[in-house]
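# A look at the structure
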Amino acid sequence: MLPHGTTYDEIVSAFRWTIPTHYNMGVDACEKWAAIDPDRLAILHHRADGATDRWSYGRLSKAAHRLANVLTAAGVRRGDRVAILLPQSPETALTHVAVYLMAAVALPLADLFGVEALVHRLADSGARVIVTNRAGAAKIAEIRAKLPALELVLSVDGACDGAVDYQRRVAVASEHYEAQVTTADDPALMIYTSGTTGAPKGALHAHRVLLGHVPGVQFAHEFLPVAGDIAWTPADWAWAGGLLNILLPCLSLGVPVVAARFERFDPDAAWWLMGHHGIRNAFIPPTALKLLRGAGSPRARHNFALRTIGSGGESLGRETYEWAEAALGITINEFYGQTECNLVLGACAAAGVTRAGAIGRSTPGHRVGIIDDQGNELPPGETGQIAVARPDPVMFLGYWNQPEATAAKFVGDWMITGDQGIRDDDGYVFFVGRDDDLITSAGYRIGPSEIEDCLAGHPAVALAAVVGKPDPVRTEIVKAFVKLKPGQQPGDRLAEEIRAHVRNRLSAHEYPREIDFVTEIPLTTTGKVIRRFFREQAKDEAASARRRRD
């Protein structure tokens, strides 16, 4: 637990990790509360028909026990992988709890994954069982022949496409299950990386990963829990951000979590949902915040109860930070981490830890450095790679069946992130960009995130992606792909106005020399802009221009 304090130094000096030898995530997230106060609210399920279903810890525990008995009868044993292909729902949460209680390994999969993404993750992990819905079962049926290890598909929507009826199986199972004894270092959870460098890899985490996240979540949400707190995120619970920044830590802390399915992020629907359910603590990724900003202030249209907003997954930027303070009266607490080692940098405005444009200071209990290629820690003001020192309770055990890739993730005792950053004299870290996203132009190293944030601050711009385009003179030029707000018309005059906006607010070497107006900006399932798509397009354009010159 995070100790209360009024300053960063006070909190850090009082904090100590206490990791017990034996620990189980399912017990911590559900069973302890079910034993103490079974009627305590755990999940508010906002259903598709608009009704709200309330799940207590007691109800969640009994349902998890039933599923654990079903999985045990199906032959699932300690260490077996159980895949979860579901949107935000009580069934998603209780499946996680059941798998952890069994000492099996949960494999969360994003609801929006296509068959190619699914076949790689399911085949690579050797998952024996998958819990899904009708849409997921249809995808699995298409690739079932490529998944020899997959023995059982359970559908919460009933029997279909080779899947058996989840509800019928659990209805006849016992609601009594004795949790397996696990150590804090036993494997519990495997989340696949986004695959920015090669095929996605399974990052295997131990049960201690939940204990390691709790203080970071409390830091970003200003000493959560406070009476009346209710948490929500639009992020898929299959992503480390949705699962480990909200769902499991909040359940562990006894804070109710709102479950709601978004086919795609709708800012007006998000404002309504937060007002309707009195949500007080939200984890909202930067791209979603930019879309909320574009939809205007919610105060005149919706009830507004937010106490804290945490954001991470990509750089937030100064523009969005300042908008939240002005329009919402809330200082966004930005944090930073990766699938392999999450929530290691953060902010906490209540403790005076906040700085516009920064991704935070080392979260209490973690040591984060800016290092060179040899693993030497760099002084303030120098750009280097963001790295995390081991041991650390949130750090992964390794990549599934990839010892060489695991070893390559470390330089000595530093886990490298592939992200470039700068630390200032006060210990705040500023994100520069991923190694493969950095733009080299006329000798400058330019990160795209700050430019994208600045572009989104223009009144005509809804969203933007910035990449480097190969250039014979400058090595690369900054190119922006811009999606406009409804009612705005693209044209040369608007493009020049947008260039001037960036030039005046950032610098002359960072403004986009080329702007293309597009109808869509593709996003990952975690809400990040897919720059790779635009980077390839820019390279093709440059190659065509070079051929014409030749």
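Overview of the structure. (Residues numbered from 1 in each chain as written. Predicted model: local features only at pLDDT ≥ 70, side-chain atom pairs only at ≥ 80, totals over all residues. Heavy atoms only, no water.)

### Re the overall build of the protein chain
Where we set the bar: Helix and strand assignments come from DSSP, with helices taken as H or I runs of at least 4 residues and strands as E runs of at least 2, each series counted from the N terminus. The globule rule is 2.2 Å times the number of residues to the power 0.38, and the radius of gyration it is compared with is taken over C-alpha atoms. Type-normalised accessible area, obtained with a 1.4 Å probe on protein chains alone, sets the label of each residue: buried when under 20%, exposed when over 50%, and partly exposed for intermediate values. Note on contacts: a residue pair is in contact if any heavy atoms of the two residues lie within 4.5 Å. With residues, only the protein chains shown are counted as cover, and all accessible areas are computed by Shrake-Rupley using a 1.4 Å probe.
Looking only at helices and strands, the protein chain has 16 helices and 27 strands in total. Compactness check: the protein chain gives a C-alpha radius of gyration of 23 Å against a globular reference of 24 Å for 550 residues, within 12% of the reference. Judged by the C-alpha coordinates and their principal axes, the protein chain covers about 70 × 55 × 55 Å. Relative to its full complement of 550 residues, the protein chain shows a buried share of 60%. The long-range share in the protein chain, meaning contacts at least 24 apart out of those at least 6 apart in sequence, stands at 67%. Surface accessibility of the protein chain: about 21600 Å² in total, with carbon and sulfur atoms responsible for 50%.

### Things to note about a positive patch on the surface
Stated formally: The patch calculation keeps residues exceeding 30% relative accessible area without a salt bridge and links them within 9 Å when they carry like charges or within 5 Å when they are nonpolar (Val, Leu, Ile, Met, Phe, Trp, Tyr). Note on definitions: salt bridges are taken to be side-chain nitrogens of Lys or Arg within 4 Å of carboxyl oxygens of Asp or Glu. Under the convention used here, Asp and Glu are negative, Lys and Arg are positive, and both His and the chain ends fall outside the count. Charge positions are represented by NZ for Lys, CZ for Arg, CG for Asp and CD for Glu.
Together, Arg546, Arg547, Arg548 and Arg549 make up a region of like positive charge exposed at the surface. With respect to the helices, strands and loops of the structure, Arg548 is situated in helix α16 (residues 531–549). On the basis of relative accessibility, which here comes to 65%, the residue Arg548 falls in the exposed class.

### Focus on helix α12 (residues 318–328)
Turning to α12, its buried residues number three or more, namely Glu319, Thr320, Tyr321, Trp323, Ala324, Ala327 and Leu328. Elements that come into contact with the buried residues of α12 comprise α10 (267–276), α11 (286–294), β13 (308–311), α14 (448–456) and α15 (492–505). Among the residues trailing α12, Gly329 stands out with phi positive, at a value near 70°.

### Topic: the pattern of salt bridges
Taken as a whole and assessed by the stated rule, the structure comprises 27 salt bridges. Between Glu175 and Arg66 there is a salt bridge; the shortest N-O distance is 3.2 Å. Of this pair, Glu175 sits in the loop between α7 (166–171) and β8 (187–192) while Arg66 sits in helix α3 (residues 57–73), placing them 109 residues apart in sequence. In this structure, Lys469 engages Glu514 in a salt bridge whose closest nitrogen and oxygen atoms are separated by 3.0 Å. One end of the pair, Lys469, is in strand β25 (residues 461–471); the other, Glu514, is in strand β27 (residues 514–517), and 45 residues separate them in sequence. Beyond isolated ion pairs, a larger network of salt bridges with shared partners links Lys469, Lys479, Glu514, Asp516 and Glu541.

### Some words on the packing of aromatic side chains
By convention here, two paired aromatic rings are described through the distance between centres and the angle between planes. Quick note on the threshold: Ring geometry is summarised as follows: Phe, Tyr and Trp rings, the Trp one being its six-membered ring, pair when their centres sit within 6.5 Å, and such pairs are stacked at plane angles under 30 degrees, edge-to-face over 60 and tilted between the two.
This structure, assessed with the given rule, holds twelve aromatic pairs. On the numbers, 5.4 Å between centres and 40° between planes, the contact of Phe283 with Phe335 is tilted. Of this pair, Phe283 sits in strand β12 (residues 281–283) while Phe335 sits in strand β14 (residues 333–336); the two residues are 52 residues apart in sequence, bridging distant segments of the chain. Residue Phe283 shares its accessibility class with Phe335, and that shared class is buried.

### Description of unusual backbone geometry
Residue Leu224 is joined to Pro225 through a cis peptide bond whose omega torsion reads 0°. Note that Pro225 resides in the loop between α8 (208–220) and β10 (231–232). Pro391 follows Arg390 through a cis peptide bond whose omega is 0°. With respect to the helices and strands, Pro391 occurs in the loop between β18 (384–389) and β19 (398–399). One non-glycine residue, Ala103, adopts positive backbone phi at about 65°. Tracing the chain through its elements places Ala103 in the loop between α4 (90–101) and β4 (105–109). Judged by relative accessible area, which is 4%, Ala103 ranks as buried. Of note, Phe223 is a non-glycine position whose phi angle comes to about 70°, a positive value.

### Thoughts on the environment of Ser441
Mapping Ser441 onto the fold places it in strand β23 (residues 439–441). Through-space distance from the C-alpha of Ser441 to that of Pro470 is 9.2 Å; in sequence the pair is 29 residues apart. Those residues in contact with Ser441, other than ones at most four positions away along the chain, are Ile446, Arg474, Glu476 and Ile477.

### Some words on α14
Side chains three or four residues apart in an α-helix point the same way, a direct result of the helix having 3.6 residues per turn. Extensive coverage of α14 is indicated by the burial of eight of its nine residues. Restricting attention to buried positions, one finds in α14 the residues Pro448, Ser449, Ile451, Glu452, Asp453, Cys454, Leu455 and Ala456.

### A look at the pairing of strand β3 (residues 81–85)
Spelled out, the test is: The pairing criterion for strands is at least two bridges between them, as found by DSSP. Look down the strands so they point away from you; if the path from the first strand over the helix to the second goes clockwise, the crossover is right-handed.
Burial analysis of β3 places five of its five residues in the buried class, the great majority of the element. Neither face of β3 is open: one carries Arg81, Ala83 and Leu85, the other Val82 and Ile84, and all of them are buried. Bridge count for β3 against β4 is five bridges, and the pairing is parallel. Residue pairing across strands places Val82 opposite Ala106, the latter belonging to β4. Traced from β3 through α4 to β4, the parallel crossover comes out right-handed.

### Observations regarding the packing of helix α2 (residues 25–36) against α4
To describe two helices that pack against each other, one gives the angle between their axes and the distance between the axes. The condition is simple: A fitted line through C-alpha atoms represents every axis, and for helices the fit uses only the stretch in contact; the resulting angles, taken between N-to-C directions, go from 0 to 180 degrees. Note on angle classes: values under 35 degrees are labelled roughly parallel, values over 145 roughly antiparallel, values of 65 to 115 roughly perpendicular, and the remainder oblique. The crossing is said to be left-handed when, going from far helix to near helix, the turn is anticlockwise and less than a right angle, and right-handed when the turn is clockwise. Polar here means any residue other than Ala, Val, Leu, Ile, Met, Phe, Trp, Tyr, Cys and Pro, which are nonpolar, and Asp, Glu, Lys and Arg, which are charged; Gly is therefore polar.
The geometry of α2 relative to α4 is characterised by a closest axis approach of 8 Å and an angle of 125° between their N-to-C directions. In terms of their interaxial angle, α2 and α4 are classed as oblique. Note on packing geometry: the crossing formed by α2 with α4 is left-handed. Along the contact surface, α2 presents Met25, Gly26, Val27, Cys30 and Glu31, while α4 presents Val97, Tyr100 and Leu101. Residues belonging to the contact of α2 with α4 are distributed by class as follows: six nonpolar, one polar and one charged.

### Points about the side chain of Glu334
For the record, the criterion: N or O atoms closer than or at 3.5 Å make up a polar contact, with two conditions inside protein: a donor-capable atom paired with an acceptor-capable one, and, for residues adjacent in sequence, both atoms drawn from side chains.
Mapped onto the fold, Glu334 is located in strand β14. Of the side chains with opposite charge, Lys290 lies nearest to the buried Glu334, which makes no salt bridge, at 8.9 Å. Looking at Glu334, its side chain comes within polar contact range of the main-chain nitrogen of Leu316, at 2.8 Å. For Glu334, the residues in contact, after removing those within four places along its chain, are Ser311, Glu314, Ser315, Leu316, Gly317, Gly346, Ala347, Ala358 and Ile359.

### Here we look at the state of the cysteines
Using the following cut-off: Count a disulfide wherever a pair of cysteine sulfur atoms falls within 2.5 Å.
Under the definition given, this model contains zero disulfides. Counting only cysteine sulfurs, Cys250 is the nearest neighbor of Cys341, a cysteine outside any disulfide, at a range of 20 Å. Taking relative accessible area as the criterion, Cys341 reaches 2% and is therefore assigned buried.

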